[in-house]
Number of protein chains: 2
Amino acid sequence: MSTSRTRPNLSQLATLLDVSAATVSNALSGKGRVSEELAERIRAKAAELGYMPSQAGRALRTGRTQVLGLVLPDIANPLFPQIAQAIEHAASNAGYGVLIADSRGDVAMQTKAIQQLQDRGVDGIVIVPRRGTRVADIGSPVAVIDSPSTPGNTVSADHWQGGQLVARHLLDLGHRDLLLIGNNPASNVQNDRIGGIKSCLPSSVRARVLWIEPHEEAHGKGCHLGLKERFEEGVTAFAAVSDLHALRALTELQGAGVRVPDEASVTGFDDLIWSSAITPALTTVRMDMETIAEQAISALTIVIEAQTAPDQEKSVLRLSKVAKADRTSVPMDLVVRQTTGPASSQAVKAPPAGDME
Amino acid sequence: MSTSRTRPNLSQLATLLDVSAATVSNALSGKGRVSEELAERIRAKAAELGYMPSQAGRALRTGRTQVLGLVLPDIANPLFPQIAQAIEHAASNAGYGVLIADSRGDVAMQTKAIQQLQDRGVDGIVIVPRRGTRVADIGSPVAVIDSPSTPGNTVSADHWQGGQLVARHLLDLGHRDLLLIGNNPASNVQNDRIGGIKSCLPSSVRARVLWIEPHEEAHGKGCHLGLKERFEEGVTAFAAVSDLHALRALTELQGAGVRVPDEASVTGFDDLIWSSAITPALTTVRMDMETIAEQAISALTIVIEAQTAPDQEKSVLRLSKVAKADRTSVPMDLVVRQTTGPASSQAVKAPPAGDME
DNA sequence: TCGCTACGCTTAATCGTTTAATCAAGCGCT
DNA sequence: AGCGCTTGATTAAACGATTAAGCGTAGCGA
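Note that the structure is a prediction, hence the values are computed from the model and not measured. (Residues numbered from 1 in each chain as written. Chains lettered and ligands numbered in written order. Predicted model: local features only at pLDDT ≥ 70, side-chain atom pairs only at ≥ 80, totals over all residues. Heavy atoms only, no water.)

What is the right way to look at the overall build of chain A in this model?
In terms of helices and strands, chain A carries 14 helices and 12 strands. By principal-axis analysis of the C-alpha atoms, chain A measures approximately 90 × 50 × 35 Å. Per-residue burial over chain A gives 52% buried out of 357 residues. Long-range pairs, those at least 24 residues apart, make up 72% of the contacts in chain A between residues at least 6 apart in sequence. Taking the 35 positively charged and 39 negatively charged side chains of chain A as two groups, their mean positions are separated by 5 Å. (Helix = DSSP H or I, 4+ residues; strand = E, 2+ residues; numbered from the N terminus. Buried < 20%, exposed > 50% of the residue type's maximum accessible area, 1.4 Å probe, protein only. Contact = heavy atoms within 4.5 Å. Lys, Arg positive; Asp, Glu negative; His and termini not counted. Charge placed at Lys NZ, Arg CZ, Asp CG, Glu CD.)

Here it is in structure tokens:
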């Protein structure tokens, strides 16, 4: 084979073309002054040899690695595939690689993970913080994806509006007695979603909130949530703030003999992978991760570029390193599937034990 | 604050200590000859200033970036969190960072993704290939995590043995008529799991296989799998090769009024995040991702180090770049939860009318 | 004709680290 | 004293890219 064992570098390309390495660099980057004709020859040769600049050399000289860090503190977060995929895609389009760092649920390790990323020389960091964690001012440019109500948030889904979608959908179906299911009240995301739902409900509808984590602490992990009882009390719709909890609710109801959606409706959030695979398929609210990721990355790149700009030193004083996107919140979409249906049927069916309000 | 704006480098450290940069390098790496006393002084100063070597500089000189690539071709694979977390952890322990590359389910993009990783200068690549994809010989060291029956596989769970666990568990419970549920017969992993199950079954038990993807092509995506009918034909246990399909089966059965585990048992594979959260909690088979990741990474690092070793050129000819682990397959563990129960009850219970037992 | 600018390219310095080559000194031996 | 060997440090040359500065030539206005 004639394919060279080792990848060509600038100077090899240069000697082959009988020009200086600098010219090749200029031609390929379009920076300096190179005649169009020569530039074309250089580009051709580069393409022919499959030349790819060494990131190491470039990084050393420019101080930029073209790599971003992604830190996902929630252990085994089922959203991870969606997030990682979207971020990777957006970053890749912007010419960045993505280095992952997992802090395994440990809040203290989050700092360590960030530190390690910085030691690796990342140009910036995308953080999806653990619930409630406030991201301190790190040395590097940072984009935070959490919730609009988190201070220092860069961009995120409009969880509040997502909640409103759920509320209106259930209202339209005639539901008047809801159980909202969350995991932990310390999460900004979950609070926004629940707040959004509540904000749409007229005072005539009853809406109670069940927080799973406190409940489990009292009754043991994996315990029943007592949804059957709520159903018998008249609750016709169960709105969870995550598909994971929606799934739990759905199976618990089904197992207790409550028919979904005929007797009770269930909704979730995030459109996780299984939501469309189960029977009945889950009605949920999806976030536009593509857009969120794009916003985060573009906001981040702006900060990164401002970083190296020799500009006014004002920037050093004024410009925070945490990125600010132009669209700080991205609307969510309601995906109506089969776990929601008209409440009227329940009203008929309610009698067994409960009463109507 | 007295913390310097910019991180210290070798020469700064050197001039501060009135020695040469080379000596500092030697002292910190323990390579050259440096008096213990001086070495200690150097280490102390380095620690004091929080000196961290520039990866860029080092990479340029040594040709190694201390970064591995992780390519996950299956789009939004629900295993992703587990895999990424385990790999990241193992890699981190070995001093490597992990760069992710997602080929979004597109087989052609897998090659492109690998290419990009190589352009970024990764030292090696961990691939969890898309079903059936044979990983060609890339230029870089590679570790493949798929299934023992995949040629070129480095390490993976012992899917066959996992299947045997399921079979024996169901057999012990008295099940004699099974439906095995897979997605696509082209997957080595799924075939191994099914093969393992079958290998344990005496000829007296009936075991049919339902492949979802072909079935969906015939009946439309998200269609019913007709499990109720199978149940009525006498099937008492549904063994899926993935929790995702087990979940689908479980909800379909529950929705059709079949009680699990009283009337039918369901098992899955992989212990995905939701398996323990649903009701009833899913009996499944878990792979020891920690061990798999460790094996993959350590095998990979060996190849990487062999790479730079100036050894006999024999290695260039003989030594393949695909890593070989000492434990090529890692046993799986059965996690018995609530979706499996004795088959006898069904035999009794088969008539529609309910009783308790 | 002189001086100025624009063009197109080359020279050379630089980023931070590693490492082979070198060198000075000390010490034990013959 | 002279030779060889070890010890502990220094020098200098890479690695591959970017980029400011320099330099010869040509065009052009004064």
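The rest of the description comes next.
Honestly, the relation of the copies chain A and chain B in this entry has me stumped. Any pointers?
Two copies of one chain are present, and they are related through a rotation about an axis combined with an axial shift. Each copy superposes on the other: chain A lies on chain B with an RMSD of 0.3 Å after a rotation of 180° and an axial shift of 0.1 Å. Accordingly, the operation relating the two chain copies is best matched by a two-fold axis. Every residue of chain A has its C-alpha some distance from the rotation axis, and the shortest such distance is that of Leu99(A), at 2.3 Å. Taken together, the interface assignments show that 98% of the residues at the interface of chain A recur at the interface of chain B, consistent with an identical surface on both copies. (Least-squares fit on C-alpha atoms with pLDDT ≥ 70 in both.)

Even after reading the chapter, I still don't get the pattern of salt bridges, so can you show me in this structure?
Between side chains of opposite charge, a pair can form as their charged atoms come close. All names here are of chain A. Enumeration according to the criterion identifies 30 salt bridges over all chains in this entry. For arginine 43, the salt bridge identified is with glutamate 40, shortest N-O distance 3.1 Å. Here arginine 43 pairs with glutamate 40, and both are found in helix α3 (residues 36-49), just 3 residues apart, close to one helical turn. Accessibility expressed as a relative area gives 42% for glutamate 40, which makes it partly exposed. With a closest N to O distance of 3.2 Å, aspartate 271 and arginine 286 form a salt bridge. Here arginine 286 lies in strand β10 (residues 284-286) and aspartate 271 lies in the loop between β9 (265-267) and β10, a separation of 15 residues in the sequence. On the basis of relative accessible area, aspartate 271 is assigned to the buried category, the value being 13%. Here arginine 286 falls in the partly exposed class, since its relative accessible area comes to 38%. (Salt bridge = Lys/Arg side-chain N within 4 Å of Asp/Glu carboxyl O.)

Please explain the packing of aromatic side chains as it appears in this structure.
The geometry of an aromatic ring pair is captured by two quantities: the separation of the ring centres and the angle between the planes. According to the stated counting rule, one finds 2 aromatic pairs over all chains in the structure shown. Pairing Phe80(A) with Phe80(B) gives two aromatic rings, centres 5.5 Å apart and planes at 15°, and the pair type is stacked. Taken as a pair, Phe80(A) in helix α5 (residues 80-93) and Phe80(B) in helix α5 (residues 80-93) lie in two separate chains rather than in one. With respect to class, Phe80(A) is no different from Phe80(B); both count as buried. With a centroid separation of 4.6 Å and an interplanar angle of 55°, the aromatic rings of Trp274(A) and Trp274(B) are classed as tilted. Taken together, the residues Trp274(A) in the loop between β9 and β10 and Trp274(B) in the loop between β9 (265-267) and β10 (284-286) connect one chain to another. An identical accessibility class is assigned to Trp274(A) and Trp274(B); each is buried. (Phe/Tyr/Trp six-rings, centres within 6.5 Å; stacked < 30°, edge-to-face > 60°.)

What am I meant to see in the domain arrangement of chain A here?
It is common to report an interface's size as the accessible area lost on association of the parts. Residue and element names in this part refer to chain A. As far as domains go, chain A holds domain 1 (10-53), domain 2 (67-157 + 289-321) and domain 3 (159-287 + 334-349). Here the C-alpha centroids of domain 2 and domain 3 sit 31 Å apart. With 14 residues of domain 2 in contact, the opposing surface of domain 3 contributes 13 residues. Summing the contributions of domain 2 and of domain 3, the shared interface buries around 1100 Å²; its carbon and sulfur component is 54%. At the boundary of domain 2 with domain 3, the tally comes to 0 salt bridges. (Domains from an automatic or database assignment. Buried area = accessible area lost by both parts, 1.4 Å probe.)

Where do I start with the nonpolar core in this structure?
General note: in soluble globular proteins, nonpolar side chains tend to be found buried as a group. Phe238(A) and Phe238(B) are the most contacted members of the largest nonpolar core, which has 152 residues in total. Counting 26 residues, the second largest nonpolar core, distinct from the first, contains Leu99(A), Ile138(A), Leu99(B) and Val122(B). (Core = buried A, V, L, I, M, F, W, Y, C linked by side-chain atoms within 4.5 Å.)

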